[in-house]
Amino acid sequence: MRAGCFCAHPYLLRLMNVGEAQAREHRAAVRGGDKSALPGAVRMSFGLYNDERDVDAAVEALATIRAGRVRGCYRLDPATGEHLPEVAPFNLDDLLPAALRAEAKQ
């Protein structure tokens, strides 16, 4: 997974309804060392090494997040714009489907 604009800034700005004036404000903030309010998206990519279980696990994880069953405490690093976890309020193994948990323990 990756967050940002993925070398597609004009397209993503249009998708997120960021006008030219707002884009200028974001660029000025970045030049000043503050990336805390940058808009962006999250992209998930699959490769030849992935199989259907990986896709199913990703869809299940997204559904869990979307349903609000996973929440964490994050701090924002204004210099990078990254949201870094303070402490994970959940066990990551609990998010994996049972089949993948069993396979990982083998």
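Predicted model only: the values in this text are computed from it and were never measured.

A.B. asks: Pulling in residues and values, what's your account of the overall build of the protein chain?
C.D. replies: Tallying secondary structure elements over the protein chain gives four helices and four strands in all. Overall, the protein chain shows an N-to-C arrangement of helices and strands of β-α-α-β-α-β-β-α. Counting all 106 residues of the protein chain, 12% fall into the buried class. Restricting the contact set of the protein chain to residue pairs at least 6 apart, pairs at least 24 apart contribute 46%. A total of about 8,300 Å² of accessible surface is found on the protein chain, and carbon and sulfur atoms cover 55% of it.

A.B. asks: Talk me through the pattern of salt bridges; I want residue IDs and the actual numbers.
C.D. replies: This structure, assessed with the given rule, holds three salt bridges. Two residues, R24 and E20, come together in a salt bridge whose shortest N-O distance is 3.8 Å. On the criterion of helical spacing, the pair formed by R24 and E20 is a turn pair, its members being four residues apart in helix α2 (residues 20–31). Of the residues examined, R24 reaches a relative accessible area of 48% and is grouped as partly exposed. Put simply, R27 and E20 hold a salt bridge, and the shortest N to O gap is 3.2 Å. On the accessibility criterion, E20 (47% relative accessible area) is partly exposed. One connected set of salt bridges, linked through shared partners, spans E20, R24 and R27.

A.B. asks: Tell me what's going on with unusual backbone geometry, and back it up with residues and numbers.
C.D. replies: Although it is not a glycine, C7 adopts a positive phi angle of roughly 60°. As for its placement among the helices and strands, C7 is situated in the loop between β1 (2–4) and α1 (9–15). For C7, a relative accessible area of 76% translates into the label exposed. The backbone of N17 sits at a positive phi, close to 55°, despite the residue not being glycine.

A.B. asks: An account of the pairing of strand β3 (residues 73–77) is needed here, citing residue identities and associated values.
C.D. replies: The side chains of a regular strand alternate between both faces of the sheet. Bridging between β3 and strand β4 (residues 82–87) involves five bridges; their strand directions are antiparallel. Residue pairing across strands places D77 opposite E82, the latter belonging to β4. Hairpin geometry of β3 and β4 is characterised by an intervening segment of four residues between the two adjacent antiparallel strands and by a positive phi of about 80° at G81.

A.B. asks: An account of the layout of surface pockets is needed here, citing residue identities and associated values.
C.D. replies: Reported here for the largest pocket is a volume of approximately 620 Å³. When residues of the lining of the largest pocket are traced back to their parent elements, those giving at least two are β1, α1, α2, β2 (41–43) and β4. For the lining of the largest pocket, the element with the highest residue contribution is α2, accounting for four residues. Here the residues of the lining of the largest pocket sort into 11 nonpolar, eight polar and four charged.

A.B. asks: Could you give an account of α2, naming the residues involved and the relevant values?
C.D. replies: If you check α2, its first and last C-alpha atoms are 16 Å apart, about what 12 residues at 1.5 Å a residue would give, namely 16 Å. One or two steps after α2, the chain reaches G33, where phi turns positive at roughly 90°.

Thresholds applied
Residues numbered from 1 in each chain as written. Predicted model: local features only at pLDDT ≥ 70, side-chain atom pairs only at ≥ 80, totals over all residues. Heavy atoms only, no water. Helix = DSSP H or I, 4+ residues; strand = E, 2+ residues; numbered from the N terminus. Buried < 20%, exposed > 50% of the residue type's maximum accessible area, 1.4 Å probe, protein only. Contact = heavy atoms within 4.5 Å. Areas by Shrake-Rupley, 256 points an atom, 1.4 Å probe, with all protein chains shown as cover. Salt bridge = Lys/Arg side-chain N within 4 Å of Asp/Glu carboxyl O. Pairing = 2+ DSSP bridges. 1 Å grid on protein atoms, 1.4 Å probe; cavity = no way out; pocket = protein on both sides within 12 Å on 5 of 7 lines; lining within 4 Å. Points joined across faces, edges and corners; volume = space filled by probe spheres on them. Nonpolar A, V, L, I, M, F, W, Y, C, P; charged D, E, K, R; others polar. Expected span 1.5 Å × (residues − 1).

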